[in-house]
Amino acid sequence: MDSVQRSIGQAILISDVVAHPLSQMLPKPTVTSWGTYHKVSMVLIEVRTDAVGVGEVLARFSPKAYAELIETSLKPRLIGQDARNIGALWQSMRRSLSGRAGGMLIEAIAGVDIALWDIMGKAAGTPIAKLLGGIGREAIEVYAAAVNWVDDAEADRELERYIGEGFPRIKVKMANPVREACRRIERLRKRAGDDIELCVDANWAYDLDQAIEVGRALSANGYFWFEEPLAPENEQGYEELRKRCDVPLAAGESNFTADQAQRLVANRTLSILQPDVARAGGISETRRMADYAALHDVGYAPHIGMSGIICETASAHLAAALPNFRVMECECDLSPFKRDLADLAPGCLRQKNGQLDVPTRPGLGIEIDWDAVKRLRVQ
């Protein structure tokens, strides 16, 4: 215990920052309104002190460009600095580029921020959820993601798979045409029955009139939210949609910083805010977003998507700590980023009846398989 206390009381100096651009083929394509994804990427961040902290950058494409940004713009601001000063380091990294906050810079900062929290947890000998002032959750509610935008037979198989795996809550992908989407909404409700909770993610598929029609079908069939029906910039459209359909609206995975969520949270257009910790400036900024949502009685539901085990685990710690947490996405793709990168199994394999245990080891509570990192690294 004394050694832990000394490590917390003394500076934890950063000696190196390494960005590992990784790429993977998905075991099964993900099909959304945007198209079919066969391959996605990320950047794994390694912040070295006496201990090593790890983080994840949401970099689905061009991971080497992210890695270069981190190595050339962020790393010089971090070497020799005290890893305990997470807020100061965040602000320093933010000032490495001018202009509005967003894009590659904030996603890159997210990976470093997660790694710094991992270091702090290891130094304190406690999981990140406790460092965040956790409210005692040892397990969190999750939902299966997702039934893809595929033909009826395949959609039925995916729905039945998730029900068979014990998920009481399931996300369904929707796209155009609207008539087909409304038919799918009704069909899957009948197949799932009333005891399974269903929600929809449209990935910006619709204009306002289309979203109103789909939203009414969702309300009529008892879906628990309508996720990203419109482009994230269309805030006025979201406000009008809120007035014209009853289903709760969810969004936020496309936001980078708290100010970008401010309008739709403050006026309660959104019922659920869904920041992605690997995009939204890491644990520090995601907590700010969730805390702001809590002030306005808006729920927090972490977005995971096609990310990796670090994103999923960091999200679980936030979910365990924040009072307005509702439910976390549990992506069921079993990709190498979730299956191979660490000693912790993906959430979809660990969950039981829609409940997922929060890691209890210090920091993130995972150990990286560096052989897997080498295998997945983009050359």
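Residues numbered from 1 in each chain as written. Predicted model: local features only at pLDDT ≥ 70, side-chain atom pairs only at ≥ 80, totals over all residues. Heavy atoms only, no water.

A. Here's a closer look at the overall build of the protein. A tally of helices and strands in the protein yields 15 helices and 12 strands. The C-alpha radius of gyration of the protein comes to 20 Å, within 12% of the 21 Å expected for a compact globule of 379 residues. Principal-axis analysis of the C-alpha atoms gives the protein an extent of 60 × 40 × 40 Å. Out of the 379 residues in the protein, the part that is buried amounts to 59%. Both charge centroids of the protein, one from 45 positive and one from 52 negative side chains, sit 1 Å from each other. (Helix = DSSP H or I, 4+ residues; strand = E, 2+ residues; numbered from the N terminus. Rg over C-alpha atoms; globule rule 2.2 N^0.38 Å. Buried < 20%, exposed > 50% of the residue type's maximum accessible area, 1.4 Å probe, protein only. Lys, Arg positive; Asp, Glu negative; His and termini not counted. Charge placed at Lys NZ, Arg CZ, Asp CG, Glu CD.)

B. Local environment of the pairing of strand S11 (residues 328-331). On S11, burial covers both faces: Met328 and Cys330 on one face and Glu329 and Glu331 on the other are all buried. Judged from the 4 bridges that link them, strand S4 (residues 139-147) and S11 form a sheet pairing that is parallel. When the sheet's bridge partners are listed, valine 142 is paired in S11 with methionine 328. (Pairing = 2+ DSSP bridges.)

C. Examining the packing of aromatic side chains more closely. As enumerated under the stated definition, the model contains 6 aromatic pairs in all. A centroid spacing of 6.2 Å and a plane angle of 20 degrees characterise the contact between tyrosine 37 and phenylalanine 61, whose relative ring orientation is stacked. Within this pair, whereas tyrosine 37 is found in strand S2 (residues 35-48), its partner phenylalanine 61 is found in the loop between strand S3 (52-57) and helix H2 (63-78), the two being separated by 24 residues in sequence. Residues tyrosine 206 and phenylalanine 226 carry aromatic rings whose centres are separated by 6.4 Å and whose planes lie at 55 degrees to one another, so their mutual orientation is tilted. Linking tyrosine 206 in the loop between strand S6 (197-201) and helix H8 (208-220) with phenylalanine 226 in strand S7 (residues 226-227), this pair joins segments that are 20 residues apart in sequence. Of the two residues, tyrosine 206 and phenylalanine 226, both sit in the buried class. Through successive ring pairs, a cluster of aromatic residues spans Tyr143, Phe224 and Trp225. The positively charged end of arginine 184 is found above the aromatic ring belonging to tryptophan 149, 5.3 Å away from the centroid. (Phe/Tyr/Trp six-rings, centres within 6.5 Å; stacked < 30°, edge-to-face > 60°. Lys NZ or Arg CZ within 6 Å of the ring centre and 35° of its normal.)

D. Here's a closer look at the pairing of strand S5 (residues 169-173). Across the 5 residues that make up S5, a large majority, 5, are buried. Residues Arg169, Lys171 and Lys173 point to one face of S5 and Ile170 and Val172 to the other, with burial holding for every one of them. Bridge count for S4 against S5 is 2 bridges, and the pairing is parallel. Bridge pairing links alanine 144 to isoleucine 170 in S5. As a crossover connection, the stretch from S4 through helix H6 (residues 152-164) into S5 is right-handed. As judged from the 5 bridges shared by S5 and S6, these two strands associate in the parallel manner. In the strand pairing of S6, isoleucine 170 is matched with leucine 198. Running through helix H7 (residues 178-192), the crossover from S5 to the neighbouring parallel element S6 is right-handed. (Right-handed = clockwise from strand over helix to strand, strands pointing away.)

E. Region of the structure containing the pattern of salt bridges. One pass over the structure, following the stated rule, counts 30 salt bridges. Among the salt bridges present, the one from lysine 171 reaches aspartate 201, with a minimum N-O distance of 3.6 Å. Here the residue lysine 171 occupies a position in strand S5, and aspartate 201 occupies one in strand S6, the gap between them amounting to 30 residues. In this structure, lysine 171 and aspartate 201 share a single accessibility class: buried. What you see here is one network of salt bridges that share partners, running through Asp16, Glu46, Arg48, Glu71 and Lys75. (Salt bridge = Lys/Arg side-chain N within 4 Å of Asp/Glu carboxyl O.)

F. The nonpolar core, seen in detail. In terms of nonpolar packing, the biggest core is built from 128 residues, with Ile45, Tyr206, Phe226 and Leu341 touching the most fellow members. Broken down by element, the residue count for this core peaks at 11 residues, all from helix H4 (residues 103-124). Those residues in contact with leucine 341 that lie beyond four places of it in its chain are Leu22, Met42, Leu44, Ile309, Pro336, Glu367, Ile368, Asp369, Ala372, Val373 and Leu376. Residues Ala145, Cys199, Trp225 and Val327 belong to the second largest nonpolar core, which totals 9 residues. (Core = buried A, V, L, I, M, F, W, Y, C linked by side-chain atoms within 4.5 Å. Contact = heavy atoms within 4.5 Å.)

These results come straight from atomic positions and should not be treated as a statement about function.
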